[in-house]
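The primary structure of each chain is shown beneath.
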Amino acid sequence: GNRLDPARIVATIAQLSNRIKERFPDANLIQACDELLRLSRETKLRADWISRPIIGLRIGAAILIALIAVGLVGVFSQLDLSSGRLDVVVFVNVLNAGMNNIVILAAVVFFLITIEARVKRRRSLLAIHELRSLAHVIDMHQLTKDPDRLLFQGSNTISSPTTDMDVLEMSRYLDYCSEMLSLTGKIAVIYGLHWQDDIAIRAANDVERLTTGLSQKIFQKIMILHGTLGIRGLAS
């Protein structure tokens, strides 16, 4: 199809998780990927819930609207038209009461219509916030993976991060981080596809821009490592 399939995303992340475990069985990155897998599985359920009407709220709205309508009928029924004449004072009082009820009815209808949207928006934004937080966690995992430490020999300080990867391993590690960030952005986009809310869509787009920017930084590191492999290949 032409739309993102949450099931395919879940399968892709599950496969990525296995790849990380097979190559780096002791890496903390596994936990981040497993968290991404959990969020991807929940996304399908959340997106389906958001796309469906909240029946309870709609029934409650219909009942309240009906009650207010009955109240309006009761107010206007106070007008005595059987005598063929209408008391101006009574008419003005009834009209004022009726207008007040109409204003209340409009306010209640607006509130009940928008409360469903607010409930769905809140749930969407909470889910998207989880993805944004996870994107930063993934970025933390790649921060100390510096190609320069493999290219240039130098003494370490006490606080220098330990490096036990060769060029190929670091390249694969960074690639896994990049894939995770890309999939995080894809999950966020799903919320905008299943429910057309401007605020939720903007939040999802922000996450996608964030993950794209972080991936670009990783891509620069990978290109440096690939250049190193090329140089070594020519020298050998």
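About the criteria used
- Counting starts from 1 at the beginning of each chain's written sequence and moves along it residue by residue.
- Totals for whole chains, interfaces and linings use every residue, but because this is a predicted model, local features are given only for residues with pLDDT of at least 70 and side-chain atom pairs only at 80 or more, for both listing and counting.
- Neither water nor hydrogens contribute to the side-chain values; these are computed over all heavy atoms in the structure.
- In what follows, salt bridge is the name for a side-chain nitrogen of Lys or Arg lying within 4 Å of a carboxyl oxygen of Asp or Glu.
- We count a stretch as a helix when DSSP gives it H or I for four or more residues in a row; a strand needs E for two or more, and each element gets its number in order from the N terminus.
- To sort residues, take the accessible area from a 1.4 Å probe on protein chains only and compare it with the maximum for the residue type: under 20% means buried, over 50% means exposed, and anything in between is partly exposed.
- Classification of ring pairs rests on two measures: the distance between centres of Phe, Tyr or Trp rings, Trp counted by its six-membered ring, which must be within 6.5 Å, and the angle between planes, read as stacked under 30 degrees, edge-to-face over 60 and tilted in between.
- By definition here, a helix of n residues has an expected span of 1.5 Å times n minus one.
- Note that bend, as reported per residue, equals the angle between axes fitted to the 7 residues terminating at that residue and the 7 residues originating from it.

Participant: A description of the pattern of salt bridges should follow, citing residues and the corresponding values.
Facilitator: Going through the model one piece at a time under the given rule, you end up with 11 salt bridges. Close ionic contact of Asp206 with Arg209 constitutes a salt bridge, the shortest N to O distance being 2.2 Å. Of this pair, Asp206 and Arg209 both sit in helix α7 (residues 198–235), separated by 3 residues, roughly a single helical turn. The partly exposed category is assigned to Asp206, whose relative accessible area is 38%. Using a relative accessible area of 53% as the deciding quantity, one classes Arg209 as exposed. Here the residues in one salt-bridge network are Glu35, Arg38, Glu42, Arg46 and Glu130, joined through shared partners.

Participant: I'd love a proper account of the packing of aromatic side chains, names of residues and values included.
Facilitator: Under the definition given, this model contains 2 aromatic pairs. Between the aromatic rings of Phe24 and Tyr173, the centroid separation amounts to 5.5 Å while the plane-to-plane angle is 75°, which identifies the pairing as edge-to-face. Of this pair, Phe24 sits in the loop between α1 (6–23) and α2 (29–51) while Tyr173 sits in helix α6 (residues 167–194), and the two are 149 residues apart along the sequence. Residue classification places Phe24 among the buried positions, given a relative accessible area of 10%. On the basis of relative accessibility, which here comes to 5%, the residue Tyr173 falls in the buried class. Residues Phe24 and Tyr176 carry aromatic rings whose centres are separated by 6.1 Å and whose planes lie at 80° to one another, so their mutual orientation is edge-to-face. Placement of Phe24 in the loop between α1 and α2 and of Tyr176 in helix α6 is noted, with a sequence separation of 152 residues between them. Among the aromatic residues, those joined into a cluster by ring pairs are Phe24, Tyr173 and Tyr176.

Participant: Any details on α2? Residues and values, ideally.
Facilitator: Given a rise of 1.5 Å per residue, 23 residues ought to cover 33 Å, and the 33 Å separating the end C-alpha atoms of α2 matches this to within 8%. The largest bend along α2 reaches roughly 30° and is located at Thr43. Buried within α2 are the following residues: Leu29, Ile30, Ala32, Cys33, Leu36, Leu37, Leu39, Ser40, Thr43, Arg46, Ala47 and Ile50.

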